[in-house]
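Chain by chain, the residues run as shown.
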Protein chains: 2
Amino acid sequence: MRLQEHRSNNSTKHAAPFLLSPSEAQAVASIRRLGPLSRTEIAETIGYSRSKITSVVNVLTHANILKEIGDGTSSGGRRPRVLDFNADFGYVVGVDLGATSVDLAVANFGGQILHRESLESDVRDGPDATLGLIGRYLLENLAHMGISPDKVYAFGIGVPGPVEFSTGLLIAPPIMPGWEAYPIHSYIQESFPSTICIVDNDVNVMAMGELRAGAGIEEENFIFIKIGTGIGAGIVSNGEVYRGSNGSAGDIGHICADPSGPICHCGNIGCLEAIAAGPPIAARGIEAARQGNSPILAKYLKANNGTLTAEDIGFAAAEGDPAANELIQESGRIIGEVLASLVNFYNPSLILIGGGVSKIGHQFLASIRRGVLHRSLPLSTRHLRIDTSLMGSDAGITGAITLALEHVFVVSE
Amino acid sequence: MRLQEHRSNNSTKHAAPFLLSPSEAQAVASIRRLGPLSRTEIAETIGYSRSKITSVVNVLTHANILKEIGDGTSSGGRRPRVLDFNADFGYVVGVDLGATSVDLAVANFGGQILHRESLESDVRDGPDATLGLIGRYLLENLAHMGISPDKVYAFGIGVPGPVEFSTGLLIAPPIMPGWEAYPIHSYIQESFPSTICIVDNDVNVMAMGELRAGAGIEEENFIFIKIGTGIGAGIVSNGEVYRGSNGSAGDIGHICADPSGPICHCGNIGCLEAIAAGPPIAARGIEAARQGNSPILAKYLKANNGTLTAEDIGFAAAEGDPAANELIQESGRIIGEVLASLVNFYNPSLILIGGGVSKIGHQFLASIRRGVLHRSLPLSTRHLRIDTSLMGSDAGITGAITLALEHVFVVSE
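Residues numbered from 1 in each chain as written. Chains lettered and ligands numbered in written order. Predicted model: local features only at pLDDT ≥ 70, side-chain atom pairs only at ≥ 80, totals over all residues. Heavy atoms only, no water.

**Q** Would you explain the relation of the copies chain A and chain B in this entry?
**A** The operation relating the pair of chain copies consists of a rotation about an axis and a translation along that axis. Between chain A and chain B, the superposition needs a rotation of 180° and an axial shift of 0.0 Å, giving an RMSD of 0.0 Å. On the angle and the small slide along the axis, the relation comes out as a two-fold axis. In this assembly the copies share their binding face: 100% of the residues contributing to the interface of chain A also contribute to that of chain B. (Least-squares fit on C-alpha atoms with pLDDT ≥ 70 in both. Contact = heavy atoms within 4.5 Å.)

What follows is the structure, encoded as structure tokens:
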């Protein structure tokens, strides 16, 4: 184990603060995944000899990364000592950046969240304003917690735009003016000199949260779909988040769902998110209300000063409004049909539906399921579950913390 | 290393004839990928100590799996001995089963193909007839080659239908009557008692061939598309063939390409392969000829006794026939639009187009490229190459041999 001099951003092999040998990294990862373990359990988990693990553990305890805690269960004889993270050796920050809010969390090296907050912040104000707010808030609260900014070793940051994962830079983000190729890590490092920053697309980060702590914990291959202002997917392949060759995998919002559909903000026709994301659902609700097709939606429209959200359509459907129900079913069906293509291609065992619009009512999930089953091959749907995410906004913040923790230790070549 | 008693099919962990420890398996895999290596090079490649590798190599040479050959290049001092497979320790068979033909190859443990043949055989005759033919042909030719059937340790078999990879069984194959859940491995083992059988979908096998010996050799994430009687995809994720949760990943032929398109044999409307595979291209060529829209196609139709193949449409296009050219461009465009959705989702660095219809003319590839670029996001296509496969039928047989070689040694837990 050695502490690196140079600190940088995202996933280059030499960017992490702590470079571990392969066996050290495997020992750390086994405790990260399974919790406190004895030396014998570590040896069994990663397939090295007991003597090799003894020397690996000596390095890691000497470096203060691991420490012995209490006694483990014994299979007979002397009770073995159990190893866990030296939780307060260092800290990480998780940031889940939304269009109009920032969720923040501080966790220790043991993965325990010590502080969590949600701030109002408009991503359109640009990176200096947004990151400045985050930095000031964190410095103030870390001071209250008695944690030096020097002890923050990794930021995991989910952003609502396309990220080139190898560099951690946003590439042509449609709803984030001023963020294109902005060096987020340099800004953060001014206040947190010991840290690396791992920047990833927000939906990938949510998929990471579901993979390590949610419904994806037992799944090798699944897709997390976020339906909100836009529509995106986070892909898990063989138990790891899959980002594709440029980091843009999962960008399903601009798949053509209807060649005779509306024009999307991207300039193409009939994109999935131009038809079935929150804003078009709301717009069609407003239209139904104005055309007199829905007294309940008209009531909401009046109460909301001439606007509606997708959530309002959900409320109206819950009150039994047929127009709202039809709208929700139609959106679900279209999403389901696009997902059917992806199911044929990718054959996942699970699709998790998250994001604000996922809570629009049970008809939505039912229609997505019908759409998928209607157009997928029988073998592909044999063991396929399609469910609403239960983690909610926890998926993003948990994923961001996980992203930070999994990159703070990196294997040396 | 130990020789297993029990021999079985496909990828269960305990099915391979030779169970290796993790370090033995890594040493074998490094020589498989990189060619002959010295002990020091093996140690550097897989990150173990030189002394550990010395004992690993002793086990493998003692078991006759590896042997020392000539002298390697030296970095100074005594020239190191180089290790390679003991090629004639054992043999594998690759089988690429098509609708009306079987490609067969016998290779040694070094991966060298010793014999190769293509036999006419209709897969619709059922498994007993097809496998009987393969078995008799192999037994006869192995006898000529002086190889005992006992020395064949693995069959890699690509089949034109959906395979549940964990069991090696075909599931509801549309063009293979009688093959559903047929125990291919049991049949093969009657004549080849030492062998395991790894059965996989033919397109996955072709992707494997491209990954190890073709255009995919440097690619982490790519898609191989076979366009012939049907349309399917083989997916490579992080340098490995990705089969999904049931082994049906890549089944893209039944993605909806046109909601107002023709009815497919699967019962759905507008499936990609009902519009853009060989048979519908040929059918539209016949229609154009009959309606007097193409004198050149009419000439081919007459010469072929009232039928045309997709290849004929290619010939007519090469002769400058506008109707044939339009047909090819239209098919390419539709395939390209479906691929655009998959590019947005999967963000591959390479799409390889193979199968008989891929040779229909340069307009076909150009139209596929245009279709993809038209509907994909800029970040996803930034480094995307779309090319015709150059391996041709070699992809299938090379992939089948590779599949066998990579499964004959399996890591023990």
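Moving on, there is more to tell.
**Q** When you look at the sheet that holds strand E8 (residues 113–120) of chain A in this model, what are you seeing that I'm missing?
**A** The strands making up a sheet associate through backbone hydrogen bonding, with each pair oriented either parallel or antiparallel. All names here are of chain A. Within the open sheet, the 5 strands sit side by side as E8-E7-E6-E9-E12. Their pairing is mixed. Only two strands of the sheet have a single partner each, and these edge strands are E8 and strand E12 (196–201). This sheet shows a mean twist of 15° between the axes of neighbouring strands, independent of strand direction. In this structure, strand E9 (residues 152–159) lies alongside E12, joined through 6 bridges in parallel fashion. Each residue of the ladder has a partner; that of Gly 158, found in E12, is Asp 200. Helix-sheet contacts for helix H4 (residues 127–145) involve strand E6 (91–97), strand E7 (101–108), E8 and E9, and the interaxial angle to E8 is about 145°. Set on the sheet, helix H6 (residues 202–213) makes contact with E6, E9 and E12; between it and E12 the angle comes to about 100°. (Pairing = 2+ DSSP bridges. Helix = DSSP H or I, 4+ residues; strand = E, 2+ residues; numbered from the N terminus. Axes fitted to C-alpha atoms, helices over the stretch in contact; angles between N-to-C directions.)

**Q** How should the interface of chain A and chain B be read in this particular structure?
**A** When the parts of a complex come together, some accessible area is lost, and that lost area is often taken as the interface size. Each side of the interface is counted separately: chain A has 40 residues, and chain B has 40 residues. Where chain A abuts chain B, roughly 3,700 Å² becomes buried across the two surfaces, and 52% of that area is made up of carbon and sulfur atoms. Considering only the side of chain A, the residues that lose the most area to chain B are A:Phe345, A:Arg375 and A:Leu379, jointly responsible for 23% of the buried surface there. Where chain A meets chain B, there are 2 salt bridges. The closest approach of N and O atoms between A:Arg382 and B:Glu164, which form a salt bridge, is 3.0 Å. Seen at the junction of chain A and chain B, the total is 29 residue pairs in polar contact (both at pLDDT 80 or more). At the level of secondary structure, the elements contributing two or more residues to the side of chain A that touches chain B comprise strand E14 (231–237), helix H11 (322–346), helix H12 (362–375) and helix H13 (378–381) of chain A. (Buried area = accessible area lost by both parts, 1.4 Å probe. Salt bridge = Lys/Arg side-chain N within 4 Å of Asp/Glu carboxyl O. Polar contact = N/O pair within 3.5 Å; in protein donor to acceptor, adjacent residues only side chain to side chain.)

**Q** I tried to follow the sheet that holds E14(A) on my own but got confused; where do I start?
**A** Residue and element names in this part refer to chain A. The sheet built from 5 strands is open, its strands ordered E15-E14-E13-E16-E17 with mixed pairing. Every other strand in the sheet has two partners, leaving strand E15 (240–242) and strand E17 (385–388) as the edge strands with one partner each. Strand-to-strand, the axes of this sheet are offset by a mean angle of 25°, without reference to chain direction. With 6 bridges joining them, strand E13 (residues 222–227) and E14 adopt antiparallel strand pairing. Bridging across to E14, Ile 223 finds its partner in Ile 235. Packing against the sheet, H6 makes contact with E13, E14, E15 and strand E16 (350–354), and its axis sits at approximately 130° to E13. The sheet contacts of H12 involve E13, E16 and E17, and relative to E17 the element is tilted by about 160°.

**Q** Got a minute to help me understand the packing of aromatic side chains in this structure?
**A** Aromatic ring pairs: the centre-centre distance and the angle between the two ring planes describe each pair. Scanning all chains against the criterion turns up 31 aromatic pairs over all chains. Site record: aromatic cluster; members linked through ring pairs are A:Phe18, A:Phe85, A:Phe89, A:Phe109, A:Tyr153 and A:Phe409. Sitting above the plane of the B:Phe89 ring, B:Lys151 keeps its charged end 5.5 Å from the centroid. (Phe/Tyr/Trp six-rings, centres within 6.5 Å; stacked < 30°, edge-to-face > 60°. Lys NZ or Arg CZ within 6 Å of the ring centre and 35° of its normal.)

**Q** Honestly, the pairing of E6(A) in this entry has me stumped. Any pointers?
**A** Side-chain direction in a regular strand flips from residue to residue, so the side chains alternate between the two faces of the sheet. Residue and element names in this part refer to chain A. Of all 7 residues in E6, 7 are buried; the element is thus mostly enclosed. Burial along E6 is two-sided: Tyr 91, Val 93, Val 95 and Leu 97 and Val 92, Gly 94 and Asp 96, pointing in opposite directions, are all buried. Sheet topology places E6 next to E7; 7 bridges connect them, and they run antiparallel. Looking at E7, one finds that Asp 96 is bridged to Asp 103. Remark: 3 residues form the turn of the hairpin made by E6 and E7, two consecutive strands paired antiparallel. Sheet analysis places E6 next to E9, joined by 6 bridges and oriented parallel. Directly across from Val 95, in E9, lies its bridge partner Ile 157. (Buried < 20%, exposed > 50% of the residue type's maximum accessible area, 1.4 Å probe, protein only.)

**Q** Could you clarify how one ought to interpret the confidence of the model for chain A in this entry?
**A** Low pLDDT means the predicted coordinates in that region are not meant to be read closely. Residue and element names in this part refer to chain A. A residue-level look at chain A finds 94% of positions with pLDDT of 70 or above and a mean pLDDT of 90. Long-range and interchain partners of residues 1–8, a stretch whose pLDDT sits below 50, account for 28 contacts in this model, where long-range means more than four residues apart. Model confidence for the complex: the whole-complex pTM is 0.89, and ipTM, which rates the interface, is 0.89. (pLDDT = per-residue confidence, 0-100.)

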